[in-house]
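Residue-level listing of the chains:
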Amino acid sequence: EKLEADEYDIDKNLRSPICVVLGHVDTGKTLILDKIRKTRVQEGEAGGITQQIGATYFPIKSLQKLTNKVNKKHRYKHKLPGLLVIDTPGHETFTNLRSRGSNLCDVAILVVDIMHGIEPQTRESIDLLKKRKTPFVVALNKIDRLYDWNVTENMGFRDTFKNQKKHVQMEFQNRLNETILHFNQLGMNAELYFKNKSIKDTVSLVPTSAVTGEGIPDLLMYVVQLTQKYMIKKLTYLSTFQCTILEVKVIEGHGTTVDVILVNGKIHEGDRIITCGLNGPIDTTIRALLTPQPLKELRVKSEFIRHPVLHAAVGFKISAVGLENSIPGSEVFICGQRDDPEELKERAMKDLNSILNDVDTS
Ligand code: GDP
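Every value quoted in this text rests on a predicted model; they were computed, and no experiment measured them.

Q: What should I look at first to understand the site of the ligand in this one?
A: In the region of the ligand, 15 residues are neighbours, and Asp26, Lys29, Thr30, Asp144 and Ala210 sit closest. In this structure, a nitrogen atom belonging to the ligand sits 3.2 Å away from a side-chain N or O atom of Asn141. In the environment of the ligand, an oxygen atom lies 3.4 Å from a nitrogen or oxygen atom belonging to the side chain of Ser209. Coverage of the ligand by the protein chains reaches 72% of its 570 Å² of free accessible surface. In terms of residue count, the dominant contributor to the shell around the ligand is helix 1 (residues 29–43) (three residues).

Written out as structure tokens, the structure is:
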């Protein structure tokens, strides 16, 4: 697939995939997210990369820029409008991104420390990903910690690897083999991503450093390819509306608000919404749909921008009366004129059991 740089073929019927980061504590999940976000700060909002609530949105144009270093010869044709990366890593976020049994997160990055291989929470993450059938790629992180590593900031992995001394390359190979063996012991095949000939049954490993940025372009490129290759069907807009609560927060001037991810469909200010509450269903009207101000406009008084309407996939804050008892992980329903509010309330409350079950089992 050798294609020209600006050859986008965005299908208007496709939404952006949603990506979360998982892994053992201290493997570098937060720093990888920071590294990706910093690129946003450096580029300003020029590339259209925007900070949302609980997520960072990368439109196709910015993704192409960020992956340029590893996409020179094989210009990859981007088909999806962008990528929504959830800002908070971890099990809990992943579990909250679900809707009664089905999974709302499209793809995951599982971070493994190359110096430690698979650790207890790595295994837990793998179990969660398998249970939810979420495709994932492994970031084999902290390659810069290999003794004598020669840093070239933000370089593609294969280029920076060529610059390493023989003994560094050998140490890398040894640690890589150990990690692959760990995966084998868990009954899974694993391979360096560019050697992986069978993405569907072999885990791809992308060596990265969240400190130097090496391998980060490869990681983003791989996530894009993975979603484009295998998920087009799932990423087609459905007429159904899907929205899930990630966090419940009290904000000065807004009272209790909920941070949500809209996975599918659109939502308007003034919509009547129904969701699950600790003491029964919550039935309220959206007062405001809020996202943060762009970076450039820090002087503006309000911390947030109000939107009359938002389209999936997007992370934002809902301000409304009566959200005090809402629960992270609950689905939000829109109650239109033709919907039966009682039926939606029943569906919303069914959520409570499945959320409590999820907490129990994960
Ligand atoms: P998390 O618990 O998985 O979110 O891990 P953090 O992102 O907080 O990172 C844990 C520690 O590892 C911090 O001290 C980071 O500075 C460090 N760290 C993370 N990624 C890298 C990396 O690629 N190279 C090096 N040398 N240190 C890293």
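That covers the picture; the talk isn't over yet.
Q: Please explain helix 4 (residues 120–131) as it appears in this structure.
A: Owing to its 3.6 residues per turn, the α-helix aligns residues three or four sequence positions apart on the same side. The end-to-end C-alpha distance of helix 4, which contains 12 residues, comes to 17 Å, matching closely the 16 Å that a straight helix rising 1.5 Å per residue would cover. Those residues of helix 4 lying buried are Thr122, Ser125, Ile126, Leu128 and Leu129. One side of helix 4 holds all its buried residues, which, seen down the axis, span an arc of 160 degrees. The inward-facing, buried residues of helix 4 contact strand 1 (18–23), helix 3 (91–96), strand 7 (107–113), strand 8 (136–141) and helix 6 (166–185). Phi for Lys133, located one or two positions after helix 4, is positive at around 55 degrees.

Q: Would you mind going over the nonpolar core with me for this structure?
A: What tends to happen in soluble globular proteins is that the nonpolar side chains get buried as a cluster. Of all hydrophobic cores here, the largest spans 60 residues; its most connected members are Leu97, Phe172, Phe183, Ile261, Ile267, Phe316 and Ile318. Not counting residues within four places of it along the chain, the set of residues in contact with Leu97 comprises Ile18, Val20, Ile86, Asn103, Leu104, Cys105, Thr244, Leu246 and Ile261. Membership of the second largest hydrophobic core comes to 26 residues, among which are Ile36, Leu66, Val111 and Leu226.

Q: Can you walk me through unusual backbone geometry in this structure?
A: As a rule of thumb, non-glycine residues mostly have phi less than zero, and peptide bonds are mostly trans rather than cis. Between Ala312 and Ala313 the backbone carries a cis peptide bond, its omega angle lying at -10 degrees. Take Ala313: it is sitting in the loop between strand 17 (309–311) and strand 18 (314–320). The backbone of Asp26 sits at a positive phi, close to 70 degrees, despite the residue not being glycine. Along the chain, Asp26 turns up in the loop between strand 1 and helix 1.

Q: Can you walk me through the environment of Asn71 in this structure?
A: You can see Asn71 is positioned in the loop between helix 2 (60–67) and strand 4 (82–86). Through-space distance from the C-alpha of Asn71 to that of Val258 is 39 Å; in sequence the pair is 187 residues apart. Beyond its immediate sequence surroundings of up to four residues, Asn71 is in contact with Tyr76, His78 and Met221.

Q: It is not clear to me how the pairing of strand 18 should be interpreted in this structure. Could you clarify?
A: In regular strands, side chains alternate between the two faces of the sheet. The element strand 18 is extensively covered by neighbouring structure, given that seven of its seven residues are classed as buried. Alternating positions in strand 18 separate into two faces, Val314, Phe316, Ile318 and Ala320 on one and Gly315, Lys317 and Ser319 on the other, with burial throughout. Here strand 12 (residues 255–264) runs beside strand 18; their pairing, made up of six bridges, is antiparallel. Looking at the pairing, Thr257 lines up with Ser319 of strand 18. Note that strand 15 (residues 282–292) and strand 18 share four bridges and pair antiparallel. Within strand 18, the position partnered with Leu289 by the bridge is Ile318.

Each value, and the rule that gives it
Residues numbered from 1 in each chain as written. Predicted model: local features only at pLDDT ≥ 70, side-chain atom pairs only at ≥ 80, totals over all residues. Heavy atoms only, no water. Near = heavy atom within 4 Å. Polar contact = N/O pair within 3.5 Å; in protein donor to acceptor, adjacent residues only side chain to side chain. Areas by Shrake-Rupley, 256 points an atom, 1.4 Å probe, with all protein chains shown as cover. Helix = DSSP H or I, 4+ residues; strand = E, 2+ residues; numbered from the N terminus. Expected span 1.5 Å × (residues − 1). Buried < 20%, exposed > 50% of the residue type's maximum accessible area, 1.4 Å probe, protein only. Arc of directions from axis to C-beta. Contact = heavy atoms within 4.5 Å. Core = buried A, V, L, I, M, F, W, Y, C linked by side-chain atoms within 4.5 Å. Pairing = 2+ DSSP bridges.

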